Amino acid sequence: MRHGLGLLTGVLGVLLGTALQLQQAELWHSLAYPGLVGTGLALTGLAGWRSRRWPWLAAMLALLAGLALGVGQAGWRAQVRLAESLPAELELRDLEVIGVVASLPVRRIEGVRFQFDVDSARRLDTGAAVVLPRRLALGWYLGWQEGALLIEPMQQLRPGQRWRLVVRLKRPHGTLNPDGFDYELWLFEQGVRATGSVRSAHATPAELLVDAAGTGLARLGYQIDRWRQQLRDALYQQLGDTPAAGVLAALVIGDQAAIDQADWDVFRSTGVAHLVAISGLHVTMFAWVAGALVAFGWRRSRRLMLALPAGQAGRWGGLGCAAAYALLAGWGVPSQRTVFMLAATTMVRAVGWRWPWFAVLGLAALVVTLLDPWALLQPGFWLSFVAVAMLFVQDAGVPQPAKHPVADVPDAVAEGWLARHVRAVMQLTHAAAREGLRTQLLMTLGLAPLTLLFFHQMSLVGLLANLVAIPWITLLVTPLALLGVLLAPLWSLAAWLVSLLMQFLAVLAAWPLASWQAPAAPIWAVCVGLLGGGVLALPLPRRLRLLGLPLMLPLLDAPLALPPEGQFTVLAADIGQGNAVLVRTRQHTLLYDTGPQYSRDSDAGERVLVPLLHALGIVRLDLLVLSHRDQDHVGGAAAVLRGVGAWRVMGSLEAGHRLRELAPFQPCQVGQSWVWDGVRFEVLHPRPVDYLRAARGELRTNGLSCVLRISASRPNEAGASGPSILLAGDIEREQELILLETQATRLRSDVLLVPHHGSRTSSTAEWLSSVAPSVAVVQSGYLNRYGHPSPMVLDRYRMHAVGVIRTDTCGAWHWNSASAAYWCERMRSGRYWHAPLQGDGPELAKIFSFIDNQP
């Protein structure tokens, strides 16, 4: 008991210490983390020495040792990983690299994405050898034209091949928005320290050097990925490029990218997304079946039984088969967690230790954390471990089953053999179904707080969907999909079963209230909601369990921080090269532009704006303004209108444009104005004559940009009367001069959305003198190909004493007209794996001052 207490507190200390280290914005001195590891080891020895005489003191020492080890090992590994970085002078330079394809290529119509292990590299302009990060994430793109993948040599890519490629690289950089996907963390956890693209049109062509490279474990890893690619090719050859084939590819080899975005939306809204990706459920089920088969065969041999008990052989055999399945599925983090958990359980049972379930679970969490500290930031980590813990708790609280029903019948009056066993099977099936329904209900309710916390939504049809999908996928589809590796025609049967399930799920997803969207909750609501989920999951009396439901209400409908009457807030989203600005008044919401389209199947609306709007509790936009038709402004509009919707769309889109059909549309034109909650909105451009000029081909689409000025009706806390912002779209020098002539008295604003992302064709000196902003915001992509914002334009803003904030280095930018405060997302939620915050010195000083003074 004493040793168990020390071990438990030590494990908790490691987990807590790792979690604390992951909150660091910057790493400490390079000697701090090795020192903490040494301190932790010393405290561990001291705790073991004092465990017999003073067990509670030893437990406290173990907790401190765990904290030191957790912070030290995570920080030490982070230092090693950050040291492997791309030098800034090599960004966007043509580099010749020789290395090995290190992952399963992800194919799209416009090209291929893959990871690449570098052996050597040199600069093409000087010929000098350079040192690059060990692993790169590369894209080999040939545009969006049909048939791009049929062009040589892209279709030859196989894991384990050594290639000579010409590439252009960037440091890891992703968009950073409130409650958004952290792409930089994902790259950091994968060990990828540079991203880039292959230069297809370069004078030095790509060259395949060796078809099978590598030695030892590296060669084995490449070979496993090659087998996975062969299986994927065989599966698509059998089924064609169908949605069912994508699901089977995800189940067999872990290729989640094979599932279309529309299908993912259905799976998420019905709460079954965990079933169509390689998860702990699949690996555990596979281990259980494999272990049962190994134990069954083991019992057939007396010699084997004398060497090792069948039960133990089954556990080791199941573990080995689970590890093999996880390797075949790409050795993803969820699979790793499950294999480590099974390994911990198997080893504990093998040495004869009788640990309680929470100790075994803690040991598994410890192993996962030591191997991958950043797993603690992944939703799957918490969902997996909490789900397993709930199952353990439920099993502990369920009374032992009654005697077999057939044995209750006296032999003298026993029914016929067939009737007795049919009745027994029916009773057992009924009991299993009832227990399955009870377990699924408790799991749905118990995991609801975590689902709302991580994804800001909860499927209301998830219980029904999972009751059908769990046995359908685990007992029918997955076994057939795996057996199809040996007998390909079975894939056709599995695909038919998947198609039936997808039709059923599509019907559920089409229900008006298929899922509940909830805004991001404050910390107090999160704690109360998690407590409610715990109360529901514990084996307590039913009346006590019901107390958990009201505790979850703050998570279901979290209170929103809304601006006061007469004021507004602004959020310039980090969406890359494009515009997307969210404006909120007390009771209304306006979105100005929707960002770019990234590829044929991805855009800023689906990837950034819809999740952001859901997290902010925005059920429907009151107005969507599409400044003009360029793709970096309307690329995400269709996804926003599908995922959130808008009561009205305003813009300068021409008649017949497809987006005009998705919502009631109103052309924007100078002179339009309205007031929401005491906040005034005015359209300053375009003029009717501009539409006529554009129709005759005399005016570029940039010249039709809707220019919108928003002003508060009340002074802010700093005493400034009517704070305002000017959203200028992509207007250029000509439109700026027209506005100076016709709207000069209305242009002055506190904040300016820089016209045309800082292009040299806009932001004239006369324009800046008339608008006279204190802050200018540039929405542009990191190292974008247009060179926005232009250095010449930035110098012009500095000459006019205007601070410039760039979303590519600031992340999402927030401004509150009521407090005159603004701040960057990279300042508020930045971590050491993120690109550092950058901007003009005076503006950064203001940002830091605001953050430091927050309560």
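Quick caveat: nothing in here was measured; it's all calculated off a predicted structure.

This part covers the overall build of the protein. Regarding its fold elements, the protein presents 29 helices and 26 strands. Within the protein, contacts between residues at least 6 apart in sequence are counted, and of these 70% link residues at least 24 apart.

This paragraph deals with the packing of helix α5 (residues 216-239) against helix α6 (residues 243-253). Two numbers describe how α5 lies on α6: the axes approach to 10 Å, and their chain directions differ by 155°. Judged on the interaxial angle alone, α6 and α5 are roughly antiparallel. Viewed along their axes, α5 and α6 form a crossing whose handedness is right-handed. Contact residues: Arg228, Leu231, Arg232, Leu235, Tyr236 and Leu239 in α5; Ala245, Gly246, Leu248, Ala249 and Ile253 in α6. For the contact of α5 with α6, the per-class residue count stands at eight nonpolar, one polar and two charged.

Reading across from one edge, β17-β16-β15-β12-β11-β10-β25-β26 is the order of the eight strands in this open sheet, with mixed pairing throughout. Edge positions in the sheet fall to β17 (665-667) and β26 (821-824), since each of these pairs with one other strand and no more. On average, adjacent strands in this sheet sit at an angle of 15° to one another, irrespective of strand direction. In this sheet, β17 lies alongside strand β16 (residues 649-651) in parallel orientation, the contact comprising three bridges. Pairing of Gly651 across the sheet is with Pro667, part of β17.

Bridge count between strand β23 (residues 775-778) and strand β24 (residues 803-806): four bridges; the pairing is parallel. Looking at the pairing, Val777 lines up with Ile805 of β24. In the classification by handedness, the crossover that spans β23, the intervening helix α26 (residues 791-799) and the parallel β24 is right-handed.

In this section: the side chain of Ser711. Structurally, Ser711 can be placed in strand β20 (residues 707-712). Look at Ser711 and you get buried, because its relative accessible area is 11%. Ser711 has contacts with Phe568, Val679, Arg680, Gly722, Pro723 and Ser724, leaving out every residue within four places of it along the chain.

Turning our attention to the pattern of salt bridges. What the rule picks out here adds up to 25 salt bridges. Glu96 is the salt-bridge partner of Arg122, the closest N and O atoms lying 2.9 Å from each other. Of this pair, Arg122 sits in strand β3 (residues 111-123) while Glu96 sits in strand β1 (residues 95-101); the two residues are 26 residues apart in sequence, bridging distant segments of the chain. Owing to a relative accessible area of 30%, Arg122 belongs among the partly exposed residues under this scheme. Looking at Glu96, the relative accessible area reads 11%, which means it is buried. Ionic contacts of the salt-bridge type, sharing partners, join the residues Glu96, Arg122, Arg164 and Glu207 into one network.

Counted according to the given criterion, the structure contains two disulfides. Between the sulfur atoms of Cys668 and its disulfide mate Cys706 the distance is 1.8 Å. Of note, the bridge from Cys668 to Cys706 carries an S-S torsion of about -75° and is left-handed in sense. Linking Cys668 in the loop between β17 and β18 (673-676) with Cys706 in the loop between α23 (688-695) and β20, this pair joins segments that are 38 residues apart in sequence. Both residues of the pair, Cys668 and Cys706, count as buried.

Cut-offs and rules
- Residues numbered from 1 in each chain as written.
- Predicted model: local features only at pLDDT ≥ 70, side-chain atom pairs only at ≥ 80, totals over all residues.
- Heavy atoms only, no water.
- Helix = DSSP H or I, 4+ residues; strand = E, 2+ residues; numbered from the N terminus.
- Contact = heavy atoms within 4.5 Å.
- Axes fitted to C-alpha atoms, helices over the stretch in contact; angles between N-to-C directions.
- Parallel < 35°, antiparallel > 145°, perpendicular 65-115°, else oblique.
- Left-handed = near helix turned anticlockwise from the far one by under 90°.
- Nonpolar A, V, L, I, M, F, W, Y, C, P; charged D, E, K, R; others polar.
- Pairing = 2+ DSSP bridges.
- Right-handed = clockwise from strand over helix to strand, strands pointing away.
- Buried < 20%, exposed > 50% of the residue type's maximum accessible area, 1.4 Å probe, protein only.
- Salt bridge = Lys/Arg side-chain N within 4 Å of Asp/Glu carboxyl O.
- Disulfide = S-S within 2.5 Å.

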